[in-house]
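# Overview (structure and organization)
What follows is each chain in one-letter form.
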Amino acid sequence: MSKEEKYDTLYAEIASVVSGETDAVANMANVAALLHECFQFCWTGFYRVVGDQLVLGPFQGPVACTRIAKGRGVCGTAWARGETVVVDDVHLFPGHIACSSASRSEIVVPVIANGQVTGVLDIDSQYLKTFDQTDAMWLEKIVKLIKCVP
Ligand code: SME
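As a further point, take the packing of aromatic side chains. Summed over the entire model, instances satisfying the criterion amount to seven aromatic pairs. Plain terms: the ring middles of Phe-39 and Phe-41 are 5.1 Å apart, the flat faces sit at 20° to each other, and that makes the pair stacked. Summarising the burial analysis for this pair, Phe-39 and Phe-41 share the class buried. A network of ring pairs unites the aromatic residues Tyr-7, Tyr-11, Phe-39, Phe-41, Phe-131 and Trp-138 as a single cluster. The ring of Tyr-11 is capped by Lys-141, whose NZ or CZ atom sits 4.6 Å from the centre of that ring.

In C-alpha cells, the structure reads:
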C-alpha cells in the first residue's frame, strides 16, 4: 500500500474514532496510537501548550523530554512559526532536542484552535528523509479532527 493509500484509510479510521469524543487528550491518545501502529514510527505523540511551554501529552514510543520552550528544538520552532516543520536529518537542525538517539528525521505539525497554536503533533522516524509534503498535508488534516484542545 502506498503512503497516500495508508493515510487515506487511516484518516477515515481516525475520523470515526474521534467523532464520538470531545475530550482532546483522549483523542490525542488514540490519534498517536493509530498513526504509530500504521507507520511503525519510532516516536509519535503530542505536546500541549501550557503557559509559555510545550508540555508532553499522549504519545507512543520511548520516554521523552517533558517540557520545551517556545522557539526551542523542532517542536518549539513549529509552535513559534505556527507552521509545519519537516526535518530531513535531525543532526543538521540547529537546536534539535534529541530524546532518542534512534531518531534521524522528524515532522512537527501545529494543532491550531481559534487561530492559536494549542499544541503540536511530533513524529520521529528512525530513517533519514521520511517525511514530505504528503505527510504534512495529511497530518495537518488529521490534527484538525481533534476538536477541543485544552
Ligand atoms: N526532537 C524534538 C523533541 C521531542 S522528541 O523528539 C519526542 C524537538 O527537537 O523539539
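Here we take up the pattern of salt bridges. Under the defined criterion, the tally for this structure stands at two salt bridges. Asp-132 is paired through a salt bridge with Lys-3; the nearest N and O atoms lie 3.2 Å apart. Here Asp-132, found in the loop between strand S6 (116-125) and helix H4 (133-143), pairs with Lys-3, found in helix H1 (residues 3-19); they are 129 residues apart in sequence, far enough to count as distant. Here the salt bridges share partners, and the residues they tie into one network are Lys-3, Asp-132 and Asp-135.

The next point concerns the sheet that holds strand S2 (residues 53-60). A sheet is described by the order of its strands in space; here six strands give the open sequence S3-S2-S1-S6-S5-S4, paired in antiparallel fashion. Each having just a single partner strand, strand S3 (67-69) and strand S4 (85-87) make up the two edges of the open sheet. Taking the axes of each pair of neighbouring strands and ignoring which way they run, one obtains an average angle of 25° across the sheet. One ladder, built from six bridges, connects strand S1 (residues 43-50) with S6; its direction is antiparallel. Looking across to S6, one finds that Phe-46 is bridged to Leu-121. In the packing of helix H2 (residues 24-39) onto the sheet, the strands contacted are S1, S2 and S6, and the crossing angle to S1 comes to about 155°. Packed on one face of the sheet, H4 meets S1, strand S5 (105-113) and S6 and runs near 35° to S5.

Before going further, it helps to examine the side chain of Ser-125. Within the element layout of this structure, Ser-125 appears in strand S6. Given a relative accessible area of 2%, Ser-125 falls into the buried group. Among the polar contacts made by the side chain of Ser-125, one reaches the side chain of Thr-130 at a distance of 2.5 Å. Residue contacts for Ser-125: discarding those within four places in its chain leaves Cys-42, Ala-102, Ser-103, Arg-104, Ser-105, Thr-130 and Phe-131.

The rules behind each value
Residues numbered from 1 in each chain as written. Predicted model: local features only at pLDDT ≥ 70, side-chain atom pairs only at ≥ 80, totals over all residues. Heavy atoms only, no water. Phe/Tyr/Trp six-rings, centres within 6.5 Å; stacked < 30°, edge-to-face > 60°. Buried < 20%, exposed > 50% of the residue type's maximum accessible area, 1.4 Å probe, protein only. Lys NZ or Arg CZ within 6 Å of the ring centre and 35° of its normal. Salt bridge = Lys/Arg side-chain N within 4 Å of Asp/Glu carboxyl O. Helix = DSSP H or I, 4+ residues; strand = E, 2+ residues; numbered from the N terminus. Pairing = 2+ DSSP bridges. Axes fitted to C-alpha atoms, helices over the stretch in contact; angles between N-to-C directions. Contact = heavy atoms within 4.5 Å. Polar contact = N/O pair within 3.5 Å; in protein donor to acceptor, adjacent residues only side chain to side chain.

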